[in-house]
Amino acid sequence: RSRVVFDDKAKRFSIRDLYKEGSWSYADKFESARERPKNYVVGGSSGWEYDSFVNYDFFPSVDLPVLVYFKEDKTPRRKWTVGPGKYDARDNGMVHFFPAFCDSYQLKREFEKRGLDERKPKE
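For clarity, every value in this text was computed on a predicted model and none was experimentally measured.

About the thresholds
- Residue positions are given per chain, counting from 1 as you read along its sequence in written order.
- Note on the predicted model: pLDDT of at least 70 is required for a residue's local features to be given, and 80 or more for side-chain atom pairs to be given and counted; whole-chain, interface and lining totals, by contrast, use all residues.
- The basis for every side-chain value is the complete set of heavy atoms in the structure, and neither hydrogens nor water enter the calculation.
- A carboxyl oxygen of Asp or Glu within 4 Å of a side-chain nitrogen of Lys or Arg is what we treat as a salt bridge.
- Numbering of helices and strands runs from the N terminus, with a helix taken as a DSSP run of H or I at least four residues long and a strand as a DSSP run of E at least two residues long.
- Accessibility here uses a 1.4 Å probe with only protein chains present; expressed as a share of the type maximum, an area under 20% marks a residue as buried, one over 50% as exposed, and anything in between as partly exposed.

**Here we look at the pattern of salt bridges**
Side chains that differ in charge, positive against negative, can pair when their charged atoms come close.
Part 1 of the argument: Within this structure, the stated rule accounts for seven salt bridges.
Part 2 of the argument: Here E112 and K108 are joined by a salt bridge, their closest N and O atoms 2.7 Å apart. You can see E112 and its partner K108 sitting in helix 2 (residues 104–113), four residues apart, about one turn around the helix.
Part 3 of the argument: Here E112 falls in the partly exposed class, since its relative accessible area comes to 42%.
Part 4 of the argument: Given a relative accessible area of 18%, K108 falls into the buried group.
Part 5 of the argument: A salt bridge links K113 to E110; the shortest N-O distance between them is 3.5 Å.

Next comes the structure, spelled out in structure tokens:
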């Protein structure tokens, strides 16, 4: 189980795994939600500052999402071509996808509340 976390104090967005291996108590799950697991594609934490977002979108749409896409520019440039990034013609950030496991309208509102732009790459 995963959780999307908006940390407004740190101005940071992250995706957290709620289950520690072999741990089943609610308290343990809650504690693990505070941890920042490594990103399995490029290493480092699975967390990104709001000001690093280039854009985001829902595929195929916000009405019937399967994947959530976002791009950020804080990952080192040499890693931007890892995975689906090798198909990115704009070369303006690291591409990320995660399953649309939550209410897409709520996630969109949360992105907007924090000033993150959908489909509009930052200049």
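Right, picking up where we left off after that structure.
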